[in-house]
Amino acid sequence: MDGVNGQAVRQTSRALARTARRQRAAVSTWDASGIFTELTLAEEEAGRPSARTLLLLYAADLAFRLRWEISPALEEGRTVIAAQYVNTAVAFGCAAGLDAATVVDLFAFAPAADETRIVHEAVSRELADGYGFVEFACHHVFLPGKKAQRRDLRARARRALDGITPVLHDPPDSGRRRPAR
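A few points on the structure. Note that the coordinates shown come from a computational prediction; the quantities given were computed from them, not determined experimentally. (Residues numbered from 1 in each chain as written. Predicted model: local features only at pLDDT ≥ 70, side-chain atom pairs only at ≥ 80, totals over all residues. Heavy atoms only, no water.)

**Quick word on the overall build of the protein**
Logical step 1: When you go through the protein residue by residue, the secondary structure sums to seven helices and four strands.
Logical step 2: Counting all 181 residues of the protein, 41% fall into the buried class.
Logical step 3: Partitioning the intrachain contacts of the protein with sequence separation of at least 6 by distance along the chain shows that 75% fall at a separation of at least 24.
Logical step 4: Taken as a whole, the protein presents about 9,700 Å² of accessible surface, with 51% of it coming from carbon and sulfur. (Helix = DSSP H or I, 4+ residues; strand = E, 2+ residues; numbered from the N terminus. Buried < 20%, exposed > 50% of the residue type's maximum accessible area, 1.4 Å probe, protein only. Contact = heavy atoms within 4.5 Å. Areas by Shrake-Rupley, 256 points an atom, 1.4 Å probe, with all protein chains shown as cover.)

Here it is in structure tokens:
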């Protein structure tokens, strides 16, 4: 499950999990490791993280989720809805001006989803809900009072997500991903 509005992604994920009860569906949400929660507690002297740093932290959080939530649930035969997954992070990286191939390579460890769903939500929604990676990242990359810059970055992430939906995969034996064109 991917999208630039975290609240909409969460609501849609939970609704899907309810409809897939027979498959014992589970929802795995970003920040399961608490990395981003800890980041919000950092002192001002720590400074603002760059988009690259936030993506590295997202990759670490996703590795945690895969190890402790997603893989064990899949091994039990459960359906797992990962909210948000790789496409959201790639879209944010592209919107922030990072090289798409480099961002995709950062997430090469993550298995391809059996199915990808994109939640399209209006970009003009207030950024304050803070439930999603994109909202969190936009808020932390720019200083307070830069709402227009945060809104612009979120809009660019939405356009980027539309352009890479879903991340294409090379043949399974190659283990390499490439962004959609």
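On we go from here.
**Examining the pairing of strand β1 (residues 26-29)**
Logical step 1: Where burial is concerned, the two faces of β1 differ: the one with Ala26 and Ser28 is buried and the one with Val27 and Thr29 is not.
Logical step 2: Bridge count between β1 and strand β2 (residues 80-83): four bridges; the pairing is parallel. Among the inter-strand pairings, Ser28 is bridged to a residue of β2, identified as Ala82. (Pairing = 2+ DSSP bridges.)

**With respect to unusual backbone geometry**
Logical step 1: Cis geometry is adopted by the peptide bond preceding Gln84, which originates at Ala83 and carries an omega value of 0°.
Logical step 2: Its place among the elements puts Gln84 in the loop between β2 and α4 (86-95).
Logical step 3: For Asp31, which is not glycine, the phi dihedral falls at a positive 70°.
Logical step 4: You can see Asp31 is positioned in the loop between β1 and α2 (35-40).
Logical step 5: Here Asp31 falls in the buried class, since its relative accessible area comes to 17%.

**Remarks on the nonpolar core**
Logical step 1: If you look at the biggest cluster of nonpolar residues, it comprises 35 residues, and the most contacted ones within it are Leu55, Phe92, Phe107 and Phe133.
Logical step 2: Secondary-structure elements contributing two or more residues to this core are α3 (51-75), α4, α5 (100-106), α6 (133-141) and α7 (147-163).
Logical step 3: Not counting chain neighbours up to four residues away, the residues in contact with Phe133 comprise Trp30, Phe36, Leu54, Leu55, Tyr58, Gln84, Ala89 and Phe92.
Logical step 4: Among the nonpolar cores identified, the runner-up in size contains nine residues, and Met1, Ala20, Ala25 and Ala83 belong to it. (Core = buried A, V, L, I, M, F, W, Y, C linked by side-chain atoms within 4.5 Å.)

**So, the side chain of Asp2**
Logical step 1: Within the secondary structure layout, Asp2 lies in the segment before α1 (6-19).
Logical step 2: Buried charged residue Asp2 carries no salt bridge. Nearest counter-charge: Arg65, at 8.1 Å.
Logical step 3: A polar contact of 3.2 Å, which involves the side chain of Asp2, links it to the side chain of Asn87.
Logical step 4: Excluding residues that lie within four positions of it along the chain, Asp2 makes contacts with Val9, Gln84, Tyr85, Val86, Asn87, Thr88, Thr116, Arg117, Ile118, Val119 and Leu161. (Lys, Arg positive; Asp, Glu negative; His and termini not counted. Salt bridge = Lys/Arg side-chain N within 4 Å of Asp/Glu carboxyl O. Polar contact = N/O pair within 3.5 Å; in protein donor to acceptor, adjacent residues only side chain to side chain.)

**Notes on the environment of Gln23**
Logical step 1: Mapped onto the elements, Gln23 comes out in the loop between α1 and β1.
Logical step 2: Leaving out residues up to four positions away in the same chain, Gln23 has contacts with Gly77, Arg78 and Thr79.

**Overview of the pattern of salt bridges**
Logical step 1: Overall, the coordinates contain four salt bridges when judged by the stated rule.
Logical step 2: Salt-bridge contacts for Glu135 lead to Arg154; the nearest nitrogen and oxygen are separated by 3.5 Å. Here Glu135, found in helix α6, pairs with Arg154, found in helix α7; they are 19 residues apart in sequence, far enough to count as distant. Here Glu135 matches Arg154 in class, with each residue buried.
Logical step 3: Here Asp152 and Arg156 are joined by a salt bridge, their closest N and O atoms 3.1 Å apart.

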